[in-house]
Amino acid sequence: MLRYLLHRLWQSAVTLLLGSIVVFVGVRALPGDPAVAMAGDGADPATIAAVRAQLGLNDSLPVQYFRFAGHALTGDFGNSVRTGTPVDQMIGATLPVTIQLAVFAMVIAVLAGMAAGVLAAVFRGRWPEWLANGFSLLALSVPTFWLGILAILYLSVQLGWFPASGYVSPFQDPLRGIYYLILPAVILGMTHAAVVQRQTRAAMVGTLTADFVRTARAKGLGRGAVIFRYGLRNSLIVVTTVIGLQLGGLIAGAVVTERIFTLPGIGKLTLDSLLSRDYPVIQAVVLVVTASYIVINLLVDLLYTVIDPRIRVSGRAQ
């Protein structure tokens, strides 16, 4: 177990290092000059040169990277070129909103996706499977932005069931916070629910046709025990992997949903920073999202050892 943990920590550290390099180089490959954006389009060359010197853009790329990496290790991402606000404060104010939205959407995706996947696997070739597969096909086919606009138009504007925009922190007012997040969470979680449903069904079908399941049925074990104790439990490795990947995608992919429902999350911050060529904010946001992917995948790897004891013994994923 310890060897497995150290191996995964080492892999995560190397991945984060490579990710930081890609983020640093990729941000500087964006068109536009942040010095011009900060100084203004009508600024004279001397002012632009002074801004470039202040931002350290005249240094070589290796020097800029090591300065960026050293500050990032201490949580110092500099100040926003656009507003002058410390970047860590901007991320600290917006990231919790995105995390709350992603967690709510993931809960909806897991509950709906796993339930539909189990039904599709148990009732193969019958109407529950057709209904579950139809749901997943529809959820994967409909764009999130279009579904969000329709939800606002009919559920918010016409019926008045949900607010069309706005945000209330669940920590300040839990009921109102959930009420404001439930519609964007459902819209964001539908596509991911379809992915979970398909993977759950595929894993369950393979498990329910295995020899040990047929043996359990022959010994007189009840249908519910066969489905949940043997079928679902032995399918959790695949399902857990998918859920971990989807959760990382939810955090990174909440940009459109946050824009549609006017949520003050990290997606809105990212779009605003891209439009203004705000280097410090862009690279900090992308690095934080990259780190969230790595942490989530590390947690999924550790969860494997709980689901499958063979991984604890062998020290590697099966």
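Note: the structure precedes this text.
Definitions and cut-offs
Residues numbered from 1 in each chain as written. Predicted model: local features only at pLDDT ≥ 70, side-chain atom pairs only at ≥ 80, totals over all residues. Heavy atoms only, no water. Helix = DSSP H or I, 4+ residues; strand = E, 2+ residues; numbered from the N terminus. Buried < 20%, exposed > 50% of the residue type's maximum accessible area, 1.4 Å probe, protein only. Expected span 1.5 Å × (residues − 1). Contact = heavy atoms within 4.5 Å. Patch = residues over 30% accessible without salt bridge, like charges linked within 9 Å, V, L, I, M, F, W, Y side chains within 5 Å. Areas by Shrake-Rupley, 256 points an atom, 1.4 Å probe, with all protein chains shown as cover. Salt bridge = Lys/Arg side-chain N within 4 Å of Asp/Glu carboxyl O. Phe/Tyr/Trp six-rings, centres within 6.5 Å; stacked < 30°, edge-to-face > 60°. 1 Å grid on protein atoms, 1.4 Å probe; cavity = no way out; pocket = protein on both sides within 12 Å on 5 of 7 lines; lining within 4 Å. Points joined across faces, edges and corners; volume = space filled by probe spheres on them. Nonpolar A, V, L, I, M, F, W, Y, C, P; charged D, E, K, R; others polar. Core = buried A, V, L, I, M, F, W, Y, C linked by side-chain atoms within 4.5 Å. Lys, Arg positive; Asp, Glu negative; His and termini not counted. Charge placed at Lys NZ, Arg CZ, Asp CG, Glu CD. Axes fitted to C-alpha atoms, helices over the stretch in contact; angles between N-to-C directions. Left-handed = near helix turned anticlockwise from the far one by under 90°.

> What am I meant to see in the overall build of the protein here?
What the protein contains, in helices and strands, is 15 helices and zero strands. Across the 318 residues in the protein, those meeting the buried criterion constitute 41%.

> What am I meant to see in helix α6 (residues 127–141) here?
Side chains three or four residues apart in an α-helix point the same way, a direct result of the helix having 3.6 residues per turn. The end-to-end C-alpha distance of α6 is 21 Å, a good match for the 21 Å that 15 residues give at a rise of 1.5 Å each. For α6, the secondary structure elements touched by its buried residues are α5 (87–122) and α8 (174–208).

> Honestly, the side chain of Q64 in this entry has me stumped. Any pointers?
As for its placement among the helices and strands, Q64 is situated in helix α4 (residues 61–73). Dropping the residues within four chain positions of it, Q64 is found in contact with F24, R28, G56, L57 and D59.

> What is the right way to look at the environment of I294 in this model?
Secondary-structure assignment places I294 in helix α14 (residues 279–307). For the pair I294 and L9, spaced 285 residues apart in sequence, the C-alpha separation works out to 9.8 Å. When near neighbours in sequence (up to four residues on either side) are disregarded, I294 contacts S12, T15 and L16.

> Teacher, can you tell me more about a nonpolar patch on the surface here?
On the surface, W10, V14, L17, L18, I21 and V25 cluster together to form a nonpolar patch covering roughly 580 Å² of accessible area. Residue placement: L17 occurs in helix α1 (residues 2–28). Judged by relative accessible area, L17 falls into the partly exposed class, the value being 47%.

> Could you clarify how one ought to interpret the packing of aromatic side chains in this entry?
Both the distance between ring centres and the angle between the ring planes are used here to describe each pair of aromatic rings. Using the criterion set out here, one finds four aromatic pairs in the structure. Relative to F68, the ring of Y65 lies with its centre 6.4 Å away and its plane at 55°, an arrangement referred to as tilted. With Y65 and F68 both in helix α4, this residue pair falls three residues apart, about one helical turn. A connected cluster of aromatic rings, assembled from ring pairs, spans Y65, F66 and F68.

> Got a minute to help me understand the layout of surface pockets in this structure?
Where empty space is left in the structure can be found by rolling a water-sized probe over the atoms. Of the volumes computed, that of the largest pocket is approximately 470 Å³. What lines the largest pocket is a set of 21 residues, and nearest its centre among them are L55, F77, G78, P280 and Q283. When residues in the lining of the largest pocket are grouped by element, the largest group, four residues, is from α4. When grouped by side-chain class, the residues that make up the lining of the largest pocket number nine nonpolar, nine polar and three charged.

> How should I be thinking about the pattern of salt bridges in this particular structure?
For the structure on display, the rule yields one salt bridge. In this structure, E129 engages R201 in a salt bridge whose closest nitrogen and oxygen atoms are separated by 2.6 Å. Of this pair, E129 sits in helix α6 while R201 is found in helix α8, placing the two residues 72 residues apart along the sequence.

> Is there a simple way to think about unusual backbone geometry in this case?
If a residue is not glycine, its phi is most likely negative; likewise, a peptide bond is most likely trans. We note that T262 has phi near 55°; this positive angle belongs to a residue other than glycine. With respect to the element layout, T262 can be found in the loop between α12 (255–260) and α13 (266–275).

> Please clarify how the nonpolar core should be interpreted in this entry.
Here is a general trend for soluble globular proteins: nonpolar side chains tend to be buried in one another's company. Formed by 37 residues in total, the largest nonpolar core has its most connected members in L101, M106, M204 and L208. Those elements that place two or more of their residues in this core are α5, α7 (144–158), α8, α10 (223–232), α11 (236–252) and α14. Examining the composition of this core, we find that 11 residues originate from one element, α5, more than from any other. If sequence neighbours within four positions are ignored, L208 has contacts with A121, V122, V213, R217, V226 and G231. If you look at the next biggest cluster of nonpolar residues, it comprises 17 residues, including F24, F68, M90 and A284.

> Before we go on, may I ask you to explain a positive patch on the surface in this structure?
A contiguous patch of positive charge on the surface is contributed by R124, R126, R217 and R223. Looking at the secondary structure, you find R223 in helix α10.

> Is there a simple way to explain the packing of α7 against α8 in this structure?
To characterise two packed helices, one gives the angle between the axes of the helices and the distance between these axes. Interaxial distance between α7 and α8 falls to 10 Å at its minimum, and their mutual angle equals 145°. For the pair α7 and α8, the crossing hand works out as right-handed. Across the interface between the two elements, T144, L147, G148, A151, L155 and S156 from α7 touch L183, I187, M190 and T191 from α8.

Function-wise, these values are silent; they only describe arrangement.
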